[in-house]
Amino acid sequence: MEGKQFAPIKGVLNKLSIRDLNIKGKRVFIRVDFNVPLDKDLNITDDTRIRSALPTINYAIDEGAKIILASHLGRPKGTEDKRYSLASVARRLQRLVKKEVTFLDNCIGPEVEEAVNKMSEGDIVLLENLRFHKGEESNDEEFGRALARLADCFVNDAFGAAHRAHGSITGIAKHLPSAAGFLLQKEIEYLQGVINRPVRPFVAILGGAKVSGKIGVIKNLQDKVDKVIVGGGMAYTFLKALGHPVGESMVENEMLDLANEIRSHALSKGIKFYIPVDCVVAQNMEPGAEAKVVTAQEIPDGWKGLDIGPASARLFSEALSNAKTILWNGPMGVFEVDAFSRGTFAIARAVADAYALTIVGGGDTALAVSRAGVSESMSFISTGGGASLELLEGKALPGIEALTDKK
Ligand code: AMP
């Protein structure tokens, strides 16, 4: 998803783009991420992921390709569990592209091969859930080859799955000319661009549950940013490491030394390091639980910090006010519960108001930004949770490595 434009970031992807392939009249296998949330009646509750793939799909339609789409949905664990069928996704896609989408009830095999061989230019086929076959996740050699038999070239537009070495991500790419779709390209350009050439001051806001989940990101960013803001559950490990009582707050005791090292390292480099100065605490996180604001130095026994307090929200917002680049990954509190959502929403508004390139890491933070009603004000919201984290950790993603190098 892309909203306000601030500063252009130059792409750093040295792989073929879908534009580099001549796809007219060709069978193009496009790996998309249609892993959409479903309610208990299997209705799609949010079709952002389908919409995010539309630029690539529409381009392939305009170019006269024969379009074969494939995705995973949920975790059927290699069995044909119809609760995870992509049939409803095919119907939604058909409405979005305003064109017939043929749904096939398998993703490999002679019948699928026969169906794709009969396709005409501009036709669209959606294959059944790739994870109905064990070979997808185990990256079985034959499964990758069976997928490759369906197509003349491969396009990966599934950024959310690009950190997985699965059959439809890396296996198929061994056998076909392989290129990045527009969504994948945009994700790499923004996320890698922000790390490699941020316009300064560059502020990273890190939150979420645990330090251990973000440690790779902190390490990769710590020499690149001008300011670090830490909120969420991970802040309590930093507070405890400073000797403050944290009551029953989430703490990773094995990370205490590391927390101090990270903070000292930042300070020695002249990087400003912000942790909460006050917190919203409660004895449990139930919606009706009694909650109160206390300073970060005096969390009472038996209480746990579940959100940053109003003074922290002001402090953090001020720290953002002169930023030119902001990267945000992880909520400031348990934003899913109203009583503990204010800190996260205040930061969402501050990020939205900043005159800066604003990049939001996927997953929970994207959901929080959407609930705060400010998605449209962000420069870029990543569609990938795990994949965006790995990229921000500086790791090479298998799905990108597998694509054909640009000459
Ligand atoms: P992550 O996937 O690491 O970004 O974590 C996101 C989750 O962290 C959200 O579901 C939040 O509810 C949770 N979270 C944020 N702050 C806290 C906190 N203070 N205590 C417990 N969980 C938290």
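What counts and how
Residues numbered from 1 in each chain as written. Predicted model: local features only at pLDDT ≥ 70, side-chain atom pairs only at ≥ 80, totals over all residues. Heavy atoms only, no water. 1 Å grid on protein atoms, 1.4 Å probe; cavity = no way out; pocket = protein on both sides within 12 Å on 5 of 7 lines; lining within 4 Å. Points joined across faces, edges and corners; volume = space filled by probe spheres on them. Nonpolar A, V, L, I, M, F, W, Y, C, P; charged D, E, K, R; others polar. Helix = DSSP H or I, 4+ residues; strand = E, 2+ residues; numbered from the N terminus. Salt bridge = Lys/Arg side-chain N within 4 Å of Asp/Glu carboxyl O. Buried < 20%, exposed > 50% of the residue type's maximum accessible area, 1.4 Å probe, protein only. Pairing = 2+ DSSP bridges. Axes fitted to C-alpha atoms, helices over the stretch in contact; angles between N-to-C directions. Domains from an automatic or database assignment. Contact = heavy atoms within 4.5 Å. Buried area = accessible area lost by both parts, 1.4 Å probe.

Participant: I tried to follow empty space enclosed by the protein on my own but got confused; where do I start?
Facilitator: Empty space left among the atoms is revealed by rolling a probe the size of a water molecule over them. Within this structure, the stated rule accounts for one cavity of 30 Å³ or more. Roughly 30 Å³ of internal volume is contained in the largest cavity. Lining the largest cavity are Asp33, Arg49, Ser52, Ala53, Asp157, Leu183 and Thr383. The residue makeup of the lining of the largest cavity, split by class, is two nonpolar, two polar and three charged.

Participant: In this structure, what is going on with unusual backbone geometry? I would like to understand it.
Facilitator: Peptide bonds are trans in most cases, and residues, glycine excluded, mostly fall at negative phi. Put simply, Arg200 and Pro201 share a cis peptide bond, and its omega is -5 degrees. Its location among the elements puts Pro201 in the loop between helix 8 (182-196) and strand 7 (202-206). Here the phi dihedral of Leu42 falls at roughly 65 degrees; this positive angle occurs in a residue that is not glycine. One non-glycine residue with positive phi stands out, namely Lys98, at about 55 degrees. Summarising the element assignment, Lys98 is placed in the loop between helix 3 (87-97) and strand 3 (101-103).

Participant: When you look at the pattern of salt bridges in this model, what are you seeing that I'm missing?
Facilitator: Side-chain pairing between opposite charges can occur once the charged atoms of the two side chains come close. Here the structure, examined in full by the defined rule, presents 21 salt bridges. One salt bridge in this structure joins Asp152 and Arg27, with 3.1 Å as the shortest N-O distance. Of this pair, Asp152 sits in the loop between helix 6 (141-148) and strand 5 (153-156) while Arg27 sits in strand 1 (residues 27-31); the two residues are 125 residues apart in sequence, bridging distant segments of the chain. Judged by relative accessible area, which is 31%, Asp152 ranks as partly exposed. Note on Arg27: relative accessible area 16%, which makes it buried. Among the ionic pairs, Glu136 bridges to Arg31, the shortest N-O distance being 3.4 Å. Taken together, the residues Glu136 in helix 5 (residues 134-138) and Arg31 in strand 1 connect sequence positions 105 residues apart. Of the two residues, Glu136 and Arg31, neither departs from the other in class, the shared state being buried. Each member of the salt-bridge network shares a partner with another, and the members are Glu113, Glu141, Glu142, Arg145, Arg149 and Lys174.

Participant: Quick question: what am I supposed to make of the sheet that holds strand 1 here?
Facilitator: Note on sheets: strands pair through backbone hydrogen bonds, and any given pair is parallel or antiparallel. Pairing is parallel across the open sheet formed by six strands, whose spatial order is 3-4-2-1-5-6. The outermost strands of the open sheet, each flanked by one partner alone, are strand 3 and strand 6 (178-180). Across the sheet, the mean angle from the axis of one strand to that of its neighbour is 25 degrees, orientation sign disregarded.

Participant: Explain the domain arrangement of the chain here, please?
Facilitator: Interfaces are often described in size by the accessible area the parts lose on coming together. Domain boundaries in the chain define domain 1 (18-180) and domain 2 (188-392). Placing the centre of domain 1 and that of domain 2 at their C-alpha centroids yields a distance of 35 Å. Domain 1 puts five residues into the contact, and the matching count from domain 2 is ten residues. Buried surface at the junction of domain 1 and domain 2, both sides included, amounts to about 570 Å², of which 68% is carbon and sulfur. Area buried by domain 1 at its contact with domain 2 is led by Arg49, Phe159 and His163, which between them contribute 83% of it. The tally of links between domain 1 and domain 2 comes to zero salt bridges.

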